[in-house]
Every structure is written in structure tokens, then in C-alpha cells.
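So the chains spell out like this:
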Amino acid sequence: MTNDEANPSDYNPRPKVYAHRGASAAFAEHTRAAYLKAIADGADGVECDVHLTRDQHVVLLHDANLDRTSDGTGPVAERTLKELRDLDFSSWKGARIPEQFGAKSEQLLTLPELLEILRGAGREIGLAIELKHPSPYQLKLEDRVLEILRNEGWDAETSTLDNIQVSFMSFSPDSVKHLLQFVPADHICQLVDDVTVEEIRDELGLGVFTGGAVANVMKAAQQEGERILDDCEVGLAGPGIDYVRKHARTVQRWLESGRRFRVWTVDSEKDVALCQGLGIHEITTNKPAQVLAQL
């Protein structure tokens, strides 16, 4: 090889861009509009968070409670799908939804409904499913998600469903270990983030002692998640962008061990450039069109 020839190992293809809860900077997160916009923007994949309803439907919502992203209140797990359908999940964002993206009453999505949207993309597309814990239904959440996927025609070995490449994610090491019994490690992502007592107290509205106890549990989960990645038990590492900045040596070690990296939530030009420079494989962003334009 001459000096002028490029070494293939020196070439980093652009990171894949996953739309975080859909194109959620444009429309309310997890809504039909957000996912249709992400597809229109050219996102390589989409990310979603899932919870179980009282009647065991898998719905796309981030929070365990309804208060932040709907006109309802209380736990998602205590409502039936029919009850959730009566709530408004889009108006809080203040974005007008174009007619082609569905009516206000059609914005809440179940997992099968998202699959149907992705089938209509007309191209290959990724789907990253985050299983949210703690869940009152514990690992029944994972079992129900897998059951739905199998019923839809999902192939576990390749983790594909028609034109959709499915991967699974969780901060919970118990969830990850459970999924490893049914899904090849290459399609499972262990999420990791730094946990501080102050952040937990603020985010969950907890007092000093309760916040400290919850933070200790979460810290133990974080350490176990890091061990899972150290021991190469899964194929995908999912750190937050702050974690990537703070733990450069750990990130480098996981990259060198062959972990594929999916970093969240990457919205600024500076953070996109950082990920590209590090050779990060997948970027999760609220702004897929903007990130794709930069890359």
C-alpha cells in the first residue's frame, strides 16, 4: 500500500442518528407526530421508552407518571389503555400538529402502533426500545415486549422485524440480564449515567434520607452496569454525553474492547463533533435533522 492510499481502519463512517423519543424537539415526545417527523427527517433509527398499562398494553411514555406529558395525573401502570386514549399527550408542547401527522386523539402510541409506523418508512430503520424501571410489573415488562415482537414476526437471532432492526436498552442490570436469555448480546445496550444524591432528590422530589437511599440503589445499579460493559456481556454501551465527557478513559477502554456505542442525548454541535471525533457509532438526539445536517 502506498502512503497515498487510505487505511480502511482510519475511516470512521458517520455515526447513525437515532431520534430520541422521535423528533422530540419539534413535537411532543413519543407521539405519532414526533416519529413521523423523525422518519421524514431521515433518522437512521428511533428510540422509545416503554411502560405497561394496567391491562398489560405496552405504551410509549418516558415517565412512570402522567403529569408531565399529558393532561392526566398519577401512575401509568394504574390506567387502562382505553383510559389513556382519553388523555391529551401532545398539547403541552405547544406545537401545531400537521394534519398528515394525525389527530390529537391519535398521538399516544402503543408498541405495535410504532412498529406499523416504522414499517411504513419505506427503508431500513432502527428501533431502540428502552425498558423503564423500576416497574410495578417488574420483568413482566420485558416478557410482554418480547411477546408482542414475536407476534409481529420478529426474528430473535437477527433481531429484525421486516425492515426494522430492533435493539433493547435499560439502565437496570436485572433487565439486561433477563433480556440476554432471549436476545443475542449484540442487540442489547447497557445504559449508564453518573448518579448523584442531589440530582435524584431534585428529579424525584425526595427528602434527604429517602433521596439518599434511592441514590444508593441507583449507584449500585450503575456500578453493576459498568461491570457488565467491562466484562463485555453486551454488545452496546449506552452512556450519556456527560458520562462520555467525565469518563474518557473508561469510554476508550470500552471502545477498544469492541463495544458499539450509542450516546444520548446529543443535541449541540459541540457534542456531535465530540462523538464523531471519538468514533462513536450511534448518536441519540432530539434534533435528528440538525444533527444529520452537521454530520
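Residues numbered from 1 in each chain as written. Predicted model: local features only at pLDDT ≥ 70, side-chain atom pairs only at ≥ 80, totals over all residues. Heavy atoms only, no water.

## With respect to the overall build of the protein chain
Turning to step 1, where the next piece is worked out: Across its full length, the protein chain holds eleven helices and ten strands.
Turning to step 2, where the next piece is worked out: For 295 residues, the compact-globule estimate of 2.2 N^0.38 gives 19 Å, and the C-alpha radius of gyration of the protein chain, at 19 Å, lies within 12% of that figure.
Turning to step 3, where the next piece is worked out: Over its C-alpha atoms, taken along the principal directions, the protein chain stretches across nearly 65 × 50 × 35 Å.
Turning to step 4, where the next piece is worked out: Expressed as a percentage of the 295 residues in the protein chain, the buried residues total 50%.
Turning to step 5, where the next piece is worked out: Of the roughly 14,000 Å² of accessible surface on the protein chain, 49% is carried by carbon and sulfur atoms.
Turning to step 6, where the next piece is worked out: One way to put it: in the protein chain the 32 positive side-chain charges average out to a point 2 Å from where the 48 negative ones average out. (Helix = DSSP H or I, 4+ residues; strand = E, 2+ residues; numbered from the N terminus. Rg over C-alpha atoms; globule rule 2.2 N^0.38 Å. Buried < 20%, exposed > 50% of the residue type's maximum accessible area, 1.4 Å probe, protein only. Areas by Shrake-Rupley, 256 points an atom, 1.4 Å probe, with all protein chains shown as cover. Lys, Arg positive; Asp, Glu negative; His and termini not counted. Charge placed at Lys NZ, Arg CZ, Asp CG, Glu CD.)

## A short note on empty space enclosed by the protein
Turning to step 1, where the next piece is worked out: Inspection of the entire model under this criterion finds two cavities of 30 Å³ or more.
Turning to step 2, where the next piece is worked out: What the largest cavity holds in volume is close to 50 Å³.
Turning to step 3, where the next piece is worked out: Looking at the lining of the largest cavity residue by residue, the class counts come to four nonpolar, five polar and one charged.
Turning to step 4, where the next piece is worked out: Phe 27, Ala 28, Thr 31, Ala 33, Ser 90, Lys 93, Ala 95 and Ile 97 together form the lining of the second largest cavity. (1 Å grid on protein atoms, 1.4 Å probe; cavity = no way out; pocket = protein on both sides within 12 Å on 5 of 7 lines; lining within 4 Å. Points joined across faces, edges and corners; volume = space filled by probe spheres on them. Nonpolar A, V, L, I, M, F, W, Y, C, P; charged D, E, K, R; others polar.)

## Topic: the environment of Leu 60
Turning to step 1, where the next piece is worked out: Residue position: Leu 60 is located in strand 3 (residues 58-60).
Turning to step 2, where the next piece is worked out: Of the residues examined, Leu 60 reaches a relative accessible area of 1% and is grouped as buried.
Turning to step 3, where the next piece is worked out: Separated by 30 residues in the primary sequence, Leu 60 and His 30 have C-alpha atoms spaced 6.0 Å apart.

## With respect to the nonpolar core
Generally speaking, soluble globular proteins have nonpolar side chains that are buried together.
Turning to step 1, where the next piece is worked out: By size, the foremost hydrophobic cluster in this structure holds 58 residues, and its most contacted members are Val 50, Leu 111, Leu 127, Ile 129, Val 145, Leu 149 and Phe 168.
Turning to step 2, where the next piece is worked out: If you look at the next biggest cluster of nonpolar residues, it comprises nine residues, including Val 59, Leu 81, Leu 84 and Leu 108. (Core = buried A, V, L, I, M, F, W, Y, C linked by side-chain atoms within 4.5 Å.)

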